[in-house]
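Each chain, written out:
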Amino acid sequence: MKLAIVNGPNLNLLGQREPEIYGTESLDDINGWIAGQSAFAEDELTFFQSNHEGAIIDFLHDRRGQIDGAVINAGALTHYSYAIRDAIAAVDYPVAEVHLSDISSREPFRQQSVIKDVCVAQITGLGKQGYVEALLKVKQELPG
Ligand code: DQA
């Protein structure tokens, strides 16, 4: 399967940014760890991060017909970006939502996800393991 792992705003600063919430590993550390998981040994993984809403939307659009599924940690865009929501709804592959932290137990504004309903699953609070769980949920949606 061809799968994309998409990270949104501020996730490029993982490891330096609020480590008490998001941990001490960098995004490269986490991406490398995901790529090394045996569950994805047969898969082709593509990693993308942007701090820009439009760049994320363009990435999702441009992968139509090219990938089988994606997981997205949309960062704070999760909580208010109807444009990201519409992009996920528009593409022809399943997308699962993931968050490192447990957004349901944080500030009220983080408890709402405007993308949840258009994703095949929402995984929160499992740290980097959440990306693996989200990818497995996407793979479950795919034939064969
Ligand atoms: C996050 C949670 C969001 O509320 C926050 O804006 C992030 C990271 C997470 O992975 O826990 O940037 O998506």
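It should be noted that the structure appears before, not after, this text.
Residues numbered from 1 in each chain as written. Predicted model: local features only at pLDDT ≥ 70, side-chain atom pairs only at ≥ 80, totals over all residues. Heavy atoms only, no water.

**Q** What should I look at first to understand the side chain of H79 in this one?
**A** Its place among the elements puts H79 in the loop between β3 (69-73) and α4 (82-90). Look at H79 and you get buried, because its relative accessible area is 10%. Within the structure, H79 has its side chain in polar contact with the backbone oxygen of R110 (distance 3.4 Å). H79 has contacts with I103, F109, R110, Q112 and V114, leaving out every residue within four places of it along the chain. (Helix = DSSP H or I, 4+ residues; strand = E, 2+ residues; numbered from the N terminus. Buried < 20%, exposed > 50% of the residue type's maximum accessible area, 1.4 Å probe, protein only. Polar contact = N/O pair within 3.5 Å; in protein donor to acceptor, adjacent residues only side chain to side chain. Contact = heavy atoms within 4.5 Å.)

**Q** I would appreciate a short explanation of the site of the ligand in the present structure.
**A** Taken together, the neighbourhood of the ligand is formed by P9, R17, Y22, N73, G75, A76, H79, H99, L100, S101, I103 and R110. The separation between an oxygen atom of the ligand and a polar side-chain atom of H99 is 2.8 Å. Contact with the protein chains hides 99% of the accessible area of the ligand, taken as 320 Å² for the molecule alone. In the shell around the ligand, the residues fall into 5 nonpolar, 5 polar and 2 charged. (Near = heavy atom within 4 Å. Areas by Shrake-Rupley, 256 points an atom, 1.4 Å probe, with all protein chains shown as cover. Nonpolar A, V, L, I, M, F, W, Y, C, P; charged D, E, K, R; others polar.)

**Q** Would you take a moment to explain the packing of helix α2 (residues 27-35) against helix α6 (residues 129-141) for this structure?
**A** Put simply, α2 and α6 touch, their axes get as near as 10 Å, and they point 45 degrees apart. By the criterion of interaxial angle, the relationship of α2 to α6 is oblique. As α2 runs across α6, the sense of the crossing is right-handed. Where α2 abuts α6, its residues I30, W33 and I34 lie against Q129, Y131, V132 and L135. (Axes fitted to C-alpha atoms, helices over the stretch in contact; angles between N-to-C directions. Parallel < 35°, antiparallel > 145°, perpendicular 65-115°, else oblique. Left-handed = near helix turned anticlockwise from the far one by under 90°.)

**Q** Explanation requested: empty space enclosed by the protein in the structure shown.
**A** To find leftover empty space, a probe the size of one water molecule is rolled over the atoms. Summed over all chains, the structure comprises 1 cavity of 30 Å³ or more. Approximately 120 Å³ is the volume attributed to the largest cavity. Forming the walls of the largest cavity are 14 residues, and the residues nearest its centre are Y22, N73, G75, H99 and R106. In the lining of the largest cavity, the residues fall into 6 nonpolar, 5 polar and 3 charged. (1 Å grid on protein atoms, 1.4 Å probe; cavity = no way out; pocket = protein on both sides within 12 Å on 5 of 7 lines; lining within 4 Å. Points joined across faces, edges and corners; volume = space filled by probe spheres on them.)

**Q** Looking at this model, I keep getting lost on the environment of A74. Mind explaining?
**A** In this fold, A74 is placed in the loop between β3 and α4. Considered as a pair, A74 and S50 are 24 residues apart in the sequence and their alpha carbons are 9.4 Å apart. In contact with A74, other than residues within four places in its own chain, are G8, P9 and I115.

**Q** What's the story with the sheet that holds strand β2 (residues 44-49) in this structure? I'm lost.
**A** Sheets are built from strands paired through backbone hydrogen bonds, the pairs being either parallel or antiparallel. What the 5 strands build is an open sheet, ordered β2-β1-β3-β4-β5; its pairing is parallel. At either margin of the open sheet sits one strand with a lone partner, and together these are β2 and β5 (122-124). Mean inter-strand twist for the sheet, computed between neighbouring axes without regard to direction, equals 20 degrees. Contacting β1 (2-7) and β2, α2 crosses the sheet at an angle of about 165 degrees to β2. (Pairing = 2+ DSSP bridges.)

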